[in-house]
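Structural characterization, general
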Amino acid sequence: MWTLRAAVRPGSRLFRVVRGCGAPRGAPPLPPCPERALAAFRGGLGSPEGRGGGGRGPRADGRRSRTGGKEDEEEPEDAEEEDELLRRDPLLPAGTQRVCLVHPDVKWGPGKPQGTRAEWQVVEAQALVHTLDGWSVVGTMVVPSKTPDRKLIFGRGTLERLTERIRGSPEITAVFLNVERMAAATKKELEAAWGVQVFDRFTVVLHVFRCHARTKEARLQVALAELPLLRCPLPTQGSVPVPHGHVLPSPEPTHFHARSHLKSDVAHLGGRGGDSRHIMGSGESFLQVQQRLLKDKEVKIRKALDRLRRKRLLLGQQRRRREFPVVAVVGYTNCGKTTLIKALTGDATIQPRDQLFATLDVTAHAGRLPSQVTVIYMDTIGFLSQLPHSLVESFSATMEDVSHSDLIVHVRDVSHPETELQKASVLSALRALRPPRPLLDRVVEVANKVDLVPGYRPAEPGAVAVSALLGLGLEALKARLDGAVLRAAGRRVLTLRVGLTGPQLSWLHQEATVQAVDVRPEAGVADVKVIISDSAYGRFRKLFPG
Ligand SMILES: Nc1nc2c(ncn2[C@@H]2O[C@H](COP(=O)(O)OP(=O)(O)OP(=O)(O)O)[C@@H](O)[C@H]2O)c(=O)[nH]1
Ligand SMILES: [Mg+2]
């Protein structure tokens, strides 16, 4: 059973275009993030109960340290400014929402999505909705669209039938239009026609990110990604709607919820309503002040992120100095990264969840390999094909950790019908991070969830088949990681013969990891099994030739 499919609740329906008409309904209010997300924020920094490690700073042994951690050592004024930057209005309504999912299906022409099918895009969109507390999908409509770039996306007849269906279904409280971005004008007209709020994929994904981001760095990254929502000069300007699976032609989308906060800031500045053309005789129009405030905000967020990033890199350097090899675990969202790390480390506090983007903070977890080498597994944010560009950009700093790791493990959910497409999108996102070439060349491929695919055999040579959930194939994977980590970290396992009276044994204890000592008293020697770096072995040979 495919996990995303498991997320589709009973009662959600898949039907094609539709008829019926009813009375208009008022748009629901806009309260904040779901309770679960608020709880996560409250748990926030320094709380030990959060998933993926508490807010404590990194520990010497590397266990469960958060790479963006050490925030408790921040200057108070920095922390104050960051809190201010994180103040924001809700993006989506809280409470129970019964969503109608409308998916424009482009079957031909340049707008046709490549390498995927409408039904799988629909399943992914449904899983996104189910990730939100209290939200459910009560109906799904796959609607043919020849011209997804038109203002109203659908032809007139189709739009009328859609309107009839939505207005005739009083249980529907919101519509999720599965286009990547929607212009403000499109949103406004569709909401007027359908009588409920209409959201695009960017807003839903952003909201999920907001709710799951726990460290300050992740939350600031989300705040940065939100700026395009605020940067909309006129309600009629902005990007054209882009169905999921298409390339976004314009980087300047429009939206309005998140603007209200900024609007009130500007109104406060002028002591008047935000609609006046000039503010307090400053010669600056409302729009200019708005743009200036946004620019200021962007600069401040980038500065704050830079501060946190420097700390994170410093922690990474400290870890490297302690010589723990770092294994970055990457993969499509929901493929089982967190579950695998839990299985490899035995860390009972890790809590995998059947949700998209459950992990938004890069976290570190220590584990032992059969050679007794301790490695740090980095749990990373999952990939999603066609993730809105500004989100990818905002999170690229976090993904820097991947480029600085010693080894990349790519986890795949082989039970997913689009597993090949997911693999392609992860590998292309990985390449975009521009990691050092050798790192990219020695990616360890892990085929996960094999318990859901009876008789599964990996097609690609070298891939290790596992079930992270059931603990199948883990020993083979650990053995594979052992060799790969040692090679990547420039270490080898050697058995060296040393004299019992000489200084070699204590030198090896100091400069290498001694795994076993087999003493032969009759010969006055010992066979010492060590893990030793290439450079240390060179020095050993120089110091103790022969
Ligand atoms: N059947 C089965 N389910 C698995 C396996 N591995 C993980 N899962 C389930 O898949 C879901 C997602 O697992 P996670 O480990 O949270 O996935 P992730 O890749 O960390 O997800 P994100 O952090 O959201 O990107 C959970 O419900 C897991 O129980 C497996 O080997 N078999
Ligand atoms: Mg995870």
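Numbers given to residues run from 1 along each chain, matching the order in which its sequence is written. Chain labels run from A onward and ligand labels from 1 onward, assigned in the order the entries are written. Where local features are concerned, this predicted model is filtered to residues with pLDDT of at least 70; where side-chain atom pairs are given and counted, the filter is 80 or more; whole-chain, interface and lining totals use all residues.

As annotated in an unreviewed UniProt entry, the protein is Putative GTP-binding protein 6 from Physeter macrocephalus.

This part is about the overall build of the protein. Assigned secondary structure in the protein consists of 18 helices and 16 strands. Taking all 546 residues of the protein together, 46% fall into the buried category. Restricting to contacts in the protein with at least 6 residues of sequence separation, those with at least 24 account for 71%. Starting at the N terminus, helices and strands are each numbered in turn, a helix being any DSSP run of H or I of at least four residues and a strand any DSSP run of E of at least two. Counting other C-beta atoms within 10 Å of its own, a residue is labelled buried from 20 upward, exposed at 12 or fewer, and partly exposed in the gap between, with every C-beta atom placed from the backbone. With C-beta atoms placed from the backbone, a contact is any residue pair whose C-beta atoms sit within 7 Å.

Once that is clear, we can look at helix α16 (residues 474–488). How far a helix is expected to stretch is found by multiplying one less than its residue total by 1.5 Å. The end-to-end C-alpha distance of α16 is 20 Å, a good match for the 21 Å that 15 residues give at a rise of 1.5 Å each. Where α16 is concerned, the buried positions are Leu477, Leu481, Ala484, Val485, Leu486 and Ala488. Among the residues trailing α16, Gly490 stands out with phi positive, at a value near 65°.

Now for unusual backbone geometry. Positive phi values are uncommon outside glycine, yet Asn334 reaches one of about 75°. The backbone of Lys449 sits at a positive phi, close to 65°, despite the residue not being glycine. By the element assignment, Lys449 lies in the loop between β12 (444–448) and β13 (464–465). For Lys449, a count of 27 C-beta atoms within 10 Å corresponds to the buried category.

Strand pairing within a sheet occurs via backbone hydrogen bonds; the two strands may be parallel or antiparallel. Pairing between strands is defined by DSSP: at least two bridges between the two strands are required. Taken together, three strands build an open sheet; the order of strands is β14-β16-β15 and the sheet is antiparallel. A strand with exactly one partner marks an edge of an open sheet, and here the two such strands are β14 (491–499) and β15 (513–520). Neighbour to neighbour, the strand axes of the sheet diverge by 20° on average, direction disregarded. Two strands pair when backbone bridges link them, and β15 and strand β16 (residues 525–533) are joined in this way by seven bridges, in the antiparallel orientation. Angles shown run from 0 to 180 degrees and are taken between the N-to-C directions of axes, each axis being a line fitted to C-alpha atoms and, for helices, limited to the stretch in contact.

Attention now moves to the nonpolar core. Throughout this description, the term nonpolar core refers to a group of buried Ala, Val, Leu, Ile, Met, Phe, Trp, Tyr and Cys residues whose C-beta atoms join them within 7 Å. By size, the foremost hydrophobic cluster in this structure holds 56 residues, and its most contacted members are Val99, Leu101, Val129, Val175, Phe176 and Val208. Ignoring sequence-local partners within four residues, the contact set of Val129 consists of Val99, Leu101, Trp135, Val137 and Phe176. Counting 51 residues, the second-largest nonpolar core is a separate cluster that includes Leu344, Leu384, Val414 and Leu486.

On to the pairing of strand β9 (residues 363–368). In the sheet, β9 pairs with strand β10 (residues 374–379) via six bridges, with the strands oriented antiparallel. Looking at the pairing, His365 lines up with Tyr377 of β10. The loop that links β9 with its antiparallel partner β10 comprises five residues; one of these, Gln372, has a positive phi angle of about 80°.

On to the pairing of strand β2 (residues 97–105). Counting buried positions over the nine residues of β2 gives nine, a clear majority of the element. As defined by bridge partners, β2 adjoins strand β3 (residues 135–144) across nine bridges and the pair is classed as parallel. Along β3, the bridge assignment pairs Asp105 with Pro144. As judged from the four bridges shared by β2 and strand β4 (residues 174–177), these two strands associate in the parallel manner. By the bridge assignment for β4, Val102 is matched with Leu177.

All right, on to the environment of Gly473 then. Relative to the elements of secondary structure, Gly473 occurs in the loop between β13 and α16. Owing to 20 C-beta atoms within 10 Å, Gly473 belongs among the buried residues under this scheme. C-alpha separation for the pair Gly473 and Ala447, spaced 26 residues apart in sequence, amounts to 9.9 Å.

On to helix α5 (residues 156–167). Helix length check: α5 (twelve residues) gives 16 Å between terminal C-alpha atoms against 16 Å at 1.5 Å per residue, within 8%. Within α5, burial applies to Arg161, Leu162, Thr163, Arg165 and Ile166. As for α5, its buried residues are in contact with β2, β3, β4 and α6 (184–194).

In this section: the sheet that holds β9. Pairing in this open sheet of six strands is mixed, and the strands run β9-β10-β8-β11-β12-β13 from one edge to the other. A single partner strand is all that each edge strand has here, and the edge strands are β9 and β13. Sitting on the sheet, helix α11 (residues 337–345) is in contact with β8 (326–331), β9, β10, β11 (407–413) and β12, with an inclination near 160° to β10. Helix-sheet contacts for helix α14 (residues 419–432) involve β8 and β11, and the interaxial angle to β11 is about 155°.

Per-residue confidence from the prediction method is given by pLDDT, with values spanning 0 to 100. Of the residues in the protein, 64% reach a pLDDT of 70 or more, and the chain-wide mean stands at 72. Within the model, pLDDT remains below 50 along residues 233–262, and this stretch shows 95 contacts once partners closer than five positions in the same chain are excluded. Every residue in residues 268–276 is under pLDDT 50, and counting partners more than four places away or in other chains gives 13 contacts. ipTM for the predicted complex: 0.99, alongside a pTM of 0.63.

Bringing the environment of Phe154 into the picture now. Summarising the element assignment, Phe154 is placed in the loop between β3 and α5. Looking at Phe154, the number of C-beta atoms within 10 Å reads 22, which means it is buried. Once you skip the residues sitting within four places of it in the chain, Phe154 turns out to touch Pro104, Val143, Ser145, Leu159 and Leu162.

Along the chain, Gln504 turns up in helix α17 (residues 504–511). In this structure the C-alpha to C-alpha distance between Gln504 and Phe540, which are 36 residues apart in sequence, comes to 8.2 Å. What Gln504 contacts, discounting residues up to four positions off in sequence, is Val498, Gly499 and Phe544.

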